Amino acid sequence: MSRRATIIVLDGVGVGEAPDAAKYGDAGSNTLGNLARAVGGLRLPNLERAGLGNLAALQGVQRSSAATAAHGVLVPASAGKDSTAGHWEIAGVHLKKPFPTYPRGFPSDILNEFSRRTARGVIGNTAASGTAIIAEYGEAHQRSGAWIVYTSADSVFQVAAHEETVPLEELYRACETARALLVAPHDVSRVIARPFLGVPGAYERTSHRRDYSIEPPEPTLLDALADAGIARAGVGKVDDLFAHRAITAEHGADNAMGLEFILRWMRGPSNGFLFANLVDFDQLFGHRNDAPGFHEALRQFDAALPDLLGALREDDLLFVTADHGNDPTTPSTDHARECVPLLAFGPRIRPRAIGRRETFSDLGATVAEWFGIPFRGRGQSFLPVIS
């Protein structure tokens, strides 16, 4: 089969609070809308032509009566507001309840067992920013060799270690140990290896992060494609989010490298499905409440969009969406329960309004129909609307 489909997830790029945002403490979150006001208007000419301004009122982005993409909004239906929940929902799986979080740190029995199995002590055990935690505990970690364990408002068990104090492979093995240890009721969404380098007062995280997700509890779009013999490829953390089930991915240092990987795949001979995540919006700018940086990252993606569209073949679909919000203008530095944008491109696409879809899973169902497989997960295909 020569048909191809690509989903690019702009991590954290929400487009307004979800109907149940208040239950998550996110009333008023609007990543793109609030960002637009904070920077005096978004400057995204290619996304504007695609129809981004038709999705919501965005300062600097005009509505278009001749949008070049099919355009709409996806509403989250699965519980939670993290990357795992968002990507799983795109792929057809809904959670009944959010993953557990630990705003006061992890239980002592969990940490004691982690320490016993890894033969190192533990320091930290708090909810904190990744840069702040290594600044506070990095020197003590280097003196003692103890793991820096921390979390955030999200369901994550993060383990930081200096690469010159603890070898990377040992850090990765420790995270595998933590993943095996963290079962219900402490089944956190992800264990994350957070290596860093530098000296006290000048520590910096490196690009050797690795995520260890819990496995999806049900078959996903990726499983269905694999069963049908359709090739799957990934860019960014998507393979980690699906516990490496039915997908492998290339990992780059930043969005620019991720875009290079995406373009190489699209311009190459490969067929099948590409699932890509560009994480800088969320990781570098949303969590740090850096509105100018967030806007600049969006401008970089906007500048790359013509090349992505130029790489489309006759039987290609390209979807641009997100997995949750991460509003850099609110006091919170964590994810937000938001709706996400949906833009669909391709030679066979009719550029028209898709409207509000009631679950991210409609996107996965649409990809499945494009490839001619019966999987729909928890969604309904909108392919007849756009083709």
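First, a word on scope: everything that follows refers to the structure included in this document. Small disclaimer: the values here were computed from a predicted structure and weren't measured.

## Observations regarding the overall build of the chain
- Within the chain one finds 13 helices and 14 strands.
- The C-alpha atoms of the chain give a radius of gyration of 20 Å, which matches the 21 Å a tight globule of 387 residues would have.
- Each of the three principal axes of the chain carries a C-alpha extent, and together these read 60 × 50 × 40 Å.
- In the chain, which comprises 387 residues, the proportion classed as buried is 59%.
- A separation threshold of at least 6 residues defines the contact pool for the chain, and within that pool the share at least 24 residues apart is 68%.
- Counting every atom, the chain has about 14900 Å² of accessible surface; 49% of that belongs to carbon and sulfur.
- Distance between charge centres in the chain, computed from 38 positive and 45 negative side chains, equals 4 Å.

## Structural notes on the sheet that holds strand β14 (residues 353-357)
- Here we have eight strands laid out as an open sheet, ordered β10-β9-β11-β1-β12-β13-β2-β14, and mixed in their pairing. Each edge of the open sheet is held by one strand with a lone partner, namely β10 (249-250) and β14.
- Sheet analysis places strand β2 (residues 70-74) next to β14, joined by four bridges and oriented parallel. Opposite Gly72, over in β14, you have Gly355 as the bridge partner.

## A word on the environment of Glu176
- Mapped onto the elements, Glu176 comes out in helix α6 (residues 168-181).
- In sequence terms Glu176 and Tyr212 are 36 residues apart; their C-alpha atoms lie 7.2 Å from each other.

## A short note on the packing of helix α4 (residues 108-118) against α6
- Orientation of α4 relative to α6, taken along the N-to-C sense of each, is 140°, at an axis distance of 10 Å. In this view, α4 runs oblique relative to α6, as classed from their interaxial angle. With respect to the hand of their crossing, α4 and α6 are arranged in right-handed fashion. When α4 is examined against α6, the residues Ile110, Glu113, Phe114, Arg117 and Thr118 are found in contact with a partner set consisting of Ala174, Thr177, Ala178 and Leu181.
- Tallied by class, the residues present in the contact of α4 with α6 amount to five nonpolar, two polar and two charged.

## Observations regarding the pattern of salt bridges
- According to the stated counting rule, one finds 16 salt bridges in the structure shown.
- The salt bridge involving Arg348 is made with Asp315; its shortest N-O contact spans 2.7 Å. One end of the pair, Arg348, is in the loop between β13 (340-345) and β14; the other, Asp315, is in the loop between α11 (291-310) and β12 (316-321), with 33 residues separating them in the sequence.
- What makes Asp315 buried here is its relative accessible area of 18%.
- Via salt bridges that share partners, Glu113, Arg116 and Arg117 belong to a single interconnected network.

## Topic: the packing of aromatic side chains
- Counting across every chain of the model gives ten aromatic pairs.
- Ring geometry for Phe114 and Phe157: centres 5.4 Å apart, planes at 80°, overall edge-to-face. Here Phe114, found in helix α4, pairs with Phe157, found in strand β5 (residues 156-162); they are 43 residues apart in sequence, far enough to count as distant.
- Residue Phe157 is classed as buried on the basis of its relative accessible area, which comes to 1%.
- Members of the aromatic cluster, each reached through a chain of ring pairs, are Tyr102, Phe106, Phe114, Trp147 and Phe157.
- In this arrangement the basic side chain of Arg3 is found over the ring face of Trp370, its NZ or CZ atom lying 3.8 Å from the centre.
- Lying over the aromatic face of Tyr172, Arg210 brings its terminal NZ or CZ to 3.8 Å of the ring centre.

## Considerations on the environment of Ala153
- Along the chain, the position of Ala153 falls in the loop between β4 (147-151) and β5.
- Residues Ala153 and Ser129, spaced 24 residues apart in sequence, show a C-alpha to C-alpha distance of 9.9 Å.
- Discounting chain neighbours no more than four positions away, the residues touching Ala153 are Thr101 and Asp334.

## Digging into the environment of Ile386
- Here Ile386 shows up in helix α13 (residues 383-386).
- Between the C-alpha atoms of Ile386 and Ala69, which are 317 residues apart in sequence, the distance is 9.3 Å.
- Excluding residues that lie within four positions of it along the chain, Ile386 makes contacts with Ala70, Phe319, Ala344, Arg348, Ile349, Arg350 and Ile354.

Reading the values: the criteria
Residues numbered from 1 in each chain as written. Predicted model: local features only at pLDDT ≥ 70, side-chain atom pairs only at ≥ 80, totals over all residues. Heavy atoms only, no water. Helix = DSSP H or I, 4+ residues; strand = E, 2+ residues; numbered from the N terminus. Rg over C-alpha atoms; globule rule 2.2 N^0.38 Å. Buried < 20%, exposed > 50% of the residue type's maximum accessible area, 1.4 Å probe, protein only. Contact = heavy atoms within 4.5 Å. Areas by Shrake-Rupley, 256 points an atom, 1.4 Å probe, with all protein chains shown as cover. Lys, Arg positive; Asp, Glu negative; His and termini not counted. Charge placed at Lys NZ, Arg CZ, Asp CG, Glu CD. Pairing = 2+ DSSP bridges. Axes fitted to C-alpha atoms, helices over the stretch in contact; angles between N-to-C directions. Parallel < 35°, antiparallel > 145°, perpendicular 65-115°, else oblique. Left-handed = near helix turned anticlockwise from the far one by under 90°. Nonpolar A, V, L, I, M, F, W, Y, C, P; charged D, E, K, R; others polar. Salt bridge = Lys/Arg side-chain N within 4 Å of Asp/Glu carboxyl O. Phe/Tyr/Trp six-rings, centres within 6.5 Å; stacked < 30°, edge-to-face > 60°. Lys NZ or Arg CZ within 6 Å of the ring centre and 35° of its normal.

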